[in-house]
Structures are given as C-alpha cells and as structure tokens.
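Topology and contacts: notes
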Amino acid sequence: MNNSPSDENTNNPTSGQGGDIFSGAGQSAYNQATNIEQTPSPYPSASENNSELSTAIQDNSSPIGAMSEPPPMYSHSNTKKYFILLFFILLITGIIFLIFKVLKGPPAPEVKNTPVKLTYWGLWESKEVLQPIIDEYQKSHENINIEYIQQNTTEYRERLQAAIDRGEGPDIFRFHNTWTPMFIKELDVVPDNIYSSDDFKKIFYPVALDSLKINNKYYGIPLEIDGLMLFYNEDILKASNVSIPKNWTDVKDAVAKITVKSNDKKIVTAGIALGTAENIEHFSDILGMMLLQNGTQLWNSLFTCSRNNTTDCASETLTFYRSFAEEPIHSWDETMENSITSFAGGKVAMIFAPSWQIAAIKKLSPDLKFKTAVVPQLPCQNDACPKVGWASFWVEGVAQNSQHKKESWEFLKFLSQKESLQKLFDLATKQNTLFGEPYSRVDMADLLKTNTYLAPIIEQAPYMKSFYLASKTYDGSAGLDTSMITYLKNGINSLSTGVSPETALKTLEDGFKQVMGRYGVVTSINSAP
C-alpha cells in the first residue's frame, strides 16, 4: 500500500535558482413494421341479407322474422381462446409470485427514526463551543443524539487507537493531518455522496488532499487550516529600522541589525529564533519547511533534490539553519529561554509559530505589541521557484468499525458547511476573545483576509505543504511525527559538536527510512550515498 501523499500536489516545488540562499551561491431506427393479416368479418354482407329477405317474401309459409335459423351476429371462438390463454398466464404469474413471496419471507419492518447515538471525541473546542452546533443539527434530526467529549492531549493518539481497536471507541474523532498512515485501518473512507473527489478538490486546500488521500480515497474532513507564520515584535523592528523580511536574505540582513549582545558576547536581544532544537518551539516544522523550500524530496530521500545537478539541498539547509546559532550571525543559541517565552518577554524579535500560539503569547504578555506575517521564501529571481508554506492542522474522521457510519458522515457534512463553520468560529471567538480556527474551505478565504492575526495563514494556505515532522501532535513516543522529530533533533544537536551536515544526514536518513517503513509510508526512499 502506498501511503505516501497523492501526486496532485507532491511535486517538489522548487527550481534550480532556489537553493542559492541556503548554499551561499548566487460520443434508431425501426428495422421492421408489423403486418396485420385481414380476417373475414363475422357479420353477413348487405347482399347476403337482401337475398335472404327476397326468399322469405316469396315463401308465404313463413312470415318475415320467423326464420328458423337467423344469421350469426358474432363469433365467440377466438374470444374464448384469448380468455383461456389470459387465464393461464395470470395463473402462472400468480403461482410464481406466491413462490417468490414464500422464499423471500415476511417483509422487514419499516425502520423510521430509530434512535441513534453518536460519540464524538474532540480536542480543542470545549463543549460550550460545539454544543450549540450539535443542538441545531439534532433539531432537524430528532432521532440523532450526539455526545461530544473533549479529550485530554495526554496519550491521546494511543488511547484513541486502542479504544477503536477494542470496539469501544468513538464514532467520530479528531486526528492530525499527518496521522493518516497510522490510522489507515481505523479510518472509514469518505463516501462519494458526502464529498466526491471533485468536491474535495474544489472545496478544500491542496495540502488537505495530499494529507488525506491514499489510493485515491479520502479519509477525513478538515474543519480548519493552520501552519507556520512569522511572528514579529513591532517595537523592536521599528526601533531597528527593519522591514518585515520577505525572503531569507532579508532575514539575515534583519537579524544583523536587531541582535544585541553584551560585552562578553552573550545575546541580550535575539534577532530570530533559529539554529537550535532544544529551545525552539516547532523547530521541526521550521526545518521541514526550509527543506521543502530548498527542493529536498522528503518522500524519497534526504539526498534527492528537485535540482537534478545536486544532492546537497538538505545539507545546504542544515548548514544555513545552524548558522543562526554560530558566528558570524549568532542571533540565537542554546543559552536562550524557550522561543515562545522569549518572544513574550521581548527578548527575541521574530519567531515561527502556528496561529494557536497567539493565545499563549497573549496570556504570557497581554500588552506585547506583535503581528504576524507570511513566512520568508527563497530569494528566487523573477519568481522562478514556487512558494512553499508549512501546514499542520486537525481533521475529523469516522471509525471504520462504527455502527453508525452513515449518520456520522452526514453530521460531518453538516459541520463542514460554510454556515456551520462560521457559527463555530464566532462561538470560539466569543469564548477566547481572539478568534476561532481558520476556515478549511477555499470559498471562505475572503472572510479572514483582513483578520489581524489569521490573514497570513489564509494567504499561504494555497501553497502550504506538510510532512511527518509536525510538532505538538501528541502522537506518543512511538508515533510517526514524534519518532521522526527525535531523529531530526539528534541530527541538529550533533552539528553543535562538530559533526558535519553530511554525516548527520546519513544517520538522519537511516532513521527516517526506519520510521516511515514502520507505518508503510516508504515507497522509494533510498539509502544515503
């Protein structure tokens, strides 16, 4: 089974000029008619009647009208034959019908409005947010009772999978877009009458197709889209006379102006949180995005690039990433606090994070003046290389062993309609005072294009990519994402001890191949040269 993402959007999005910043180089007729044979009339002709009448007049022994044998008015012979034939046809038909009825047995009782209970496991929305939408659905589906249970993130993936496998799991559940290979046995396929393949392509973003399509079948319905954005401190950028960076060259130039160090070379104000693994939230997402931007074909090999004349795209990316923690750039290092904490405290000017981290930062520092922007791209000349953003989002699925799959999918169809999503967003906004989850539907993009915080997500959504390096998915220590991230973390950490990027990548390649093979993701990944 090929559990790799579909080919619709998996062609690597970079071109030859893209790697310079990371490397340092510049489609009837009737055939016959019916013939009707003429038959003799059963009535006597006029001449025959006149002849008989003349004979009767000449014969005085018998008055007219006292003929001993009147002429026949109608022949019943053919009619009797027809009636007999029809009788036998009806008799045989009736016998066959009775036999069929006996063999078929009594008719099944009509099932109408049989009570159905659906269990729905969620993660992020509270019951107070989702219950009004559920109540609205139940009013028009009086036989449906939906129990929503907000789950804890602790061992969520393991608990969910184990419950489904025991036959005790929910009918509907939330899972991460990168979990599809892990849940391929537990997930039911989205029926065509819910969303056909054409519907899916028109309604949802390309990255949802890539993540949820295996063997030309879709395994979930997204209610949101999210991923990395650039967070920046307005005051720091303004004080340093720095514009929002659009590409990676801009980033390097910006951090050179922003970074402030003490006399003993310790970082006081960092330009951007890049270069390390242990103290940067979402470091694996950041590196995954950078690897894809620079042409690394992650589904094949870390040593395969979209630029046919090189195998160094991943090595270039690791070197560029690590450079932010080393001289001469040195805008971040292992001595800094966690990147989210540092940003909230005004100690770093720029970080990369998904939209849900906004609430965490606001909680830590309510008065912090910050905004979000699209992630920087490669500095390609004449826009030669396509843009690449990073997606990490959650999806609703139906358990394959659910006794109420039809009803479950019908509810998810309702939940993913524009009106329902907008109500859900508004309810979440009232509870959180900031915003709900960014809309998963392409036809709702205009509703968020001017949103103070979410506009960059919507701008990037059409060109977002994803891979099994998504952080904070709570898939457990043996999960696909966590296992892959562990290998990546070890690789980044080894760079600080003097291990070369090429050596680190060979170990990383072996680890990736092992983990992906465990979940049936590997198709053509090769050993490192």
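The notes below deal with the structure included here.

Parameters and conventions
- Residues numbered from 1 in each chain as written.
- Predicted model: local features only at pLDDT ≥ 70, side-chain atom pairs only at ≥ 80, totals over all residues.
- Heavy atoms only, no water.
- Helix = DSSP H or I, 4+ residues; strand = E, 2+ residues; numbered from the N terminus.
- Buried < 20%, exposed > 50% of the residue type's maximum accessible area, 1.4 Å probe, protein only.
- Areas by Shrake-Rupley, 256 points an atom, 1.4 Å probe, with all protein chains shown as cover.
- Pairing = 2+ DSSP bridges.
- Core = buried A, V, L, I, M, F, W, Y, C linked by side-chain atoms within 4.5 Å.
- Contact = heavy atoms within 4.5 Å.
- Axes fitted to C-alpha atoms, helices over the stretch in contact; angles between N-to-C directions.
- Parallel < 35°, antiparallel > 145°, perpendicular 65-115°, else oblique.
- Nonpolar A, V, L, I, M, F, W, Y, C, P; charged D, E, K, R; others polar.
- Phe/Tyr/Trp six-rings, centres within 6.5 Å; stacked < 30°, edge-to-face > 60°.
- Lys NZ or Arg CZ within 6 Å of the ring centre and 35° of its normal.

Describing the overall build of the chain
If you tally the helices and strands in the chain, you get 18 helices and 14 strands. Taking all 529 residues of the chain together, 49% fall into the buried category. As displayed, the chain offers around 27,100 Å² of accessible surface, 52% of which is attributable to carbon and sulfur atoms.

Re the sheet that holds strand β6 (residues 221-222)
Taken in spatial order, the five strands of this open sheet run β2-β1-β3-β13-β6, and their pairing is mixed. Looking at which strands have only one partner, the edges of the open sheet turn out to be β2 (144-150) and β6. With five bridges joining them, strand β3 (residues 172-176) and strand β13 (residues 394-398) adopt antiparallel strand pairing. Looking across to β13, one finds that Arg174 is bridged to Glu396.

A word on helix α10 (residues 283-293)
Within α10, eleven of the eleven residues are buried, leaving the element largely enclosed by the surrounding structure. Listing the buried residues of α10 in full gives Phe283, Ser284, Asp285, Ile286, Leu287, Gly288, Met289, Met290, Leu291, Leu292 and Gln293. Following α10 by one or two positions, Gly295 adopts a phi angle in the positive range, close to 95 degrees.

Some thoughts on the nonpolar core
In this structure, Phe173 and Met350 are the most contacted members of the largest nonpolar core, which totals 142 residues. Take this core: its biggest share by element is seven residues, from α10. Leaving out residues up to four positions away in the same chain, Phe173 has contacts with Tyr120, Trp121, Tyr156, Leu160, Ile164, Phe183, Leu187, Val395, Glu396, Gly397, Val398 and Ala399.

With respect to the packing of helix α17 (residues 480-495) against helix α18 (residues 501-518)
Remark: α17 packs on α18, axes separated minimally by 9 Å, with the N-to-C direction vectors making an angle of 170 degrees. Overall, the two elements α17 and α18 adopt an arrangement that is roughly antiparallel. Seen from α17, the contacting residues are Leu480, Ser483, Met484, Tyr487, Leu488, Gly491, Ser494 and Leu495; seen from α18, they are Pro501, Ala504, Leu508, Gly511, Phe512, Gln514, Val515, Met516 and Arg518. Partitioned by chemical class, the residues of the contact of α17 with α18 number eleven nonpolar, five polar and one charged.

Section: the packing of aromatic side chains
As enumerated under the stated definition, the model contains 28 aromatic pairs in all. Relative to Tyr148, the ring of Tyr120 has its centre 5.1 Å away and its plane inclined at 80 degrees; by these criteria the two rings are edge-to-face. Here Tyr148 lies in strand β2 and Tyr120 lies in strand β1 (residues 116-122), a separation of 28 residues in the sequence. A single burial state applies to Tyr120 and to Tyr148, both of which are buried. Residues Phe173 and Phe175 carry aromatic rings whose centres are separated by 5.9 Å and whose planes lie at 50 degrees to one another, so their mutual orientation is tilted. Residue class for Phe175 comes out buried when judged on its relative accessible area of 0%. Here the aromatic cluster, defined as three or more aromatic residues joined through ring pairs, consists of Trp124, Tyr156, Phe173, Phe175, Trp179, Phe183, Trp394 and Tyr474. The ring centre of Tyr195 lies 5.3 Å from the NZ or CZ of Lys413, which sits over that ring.

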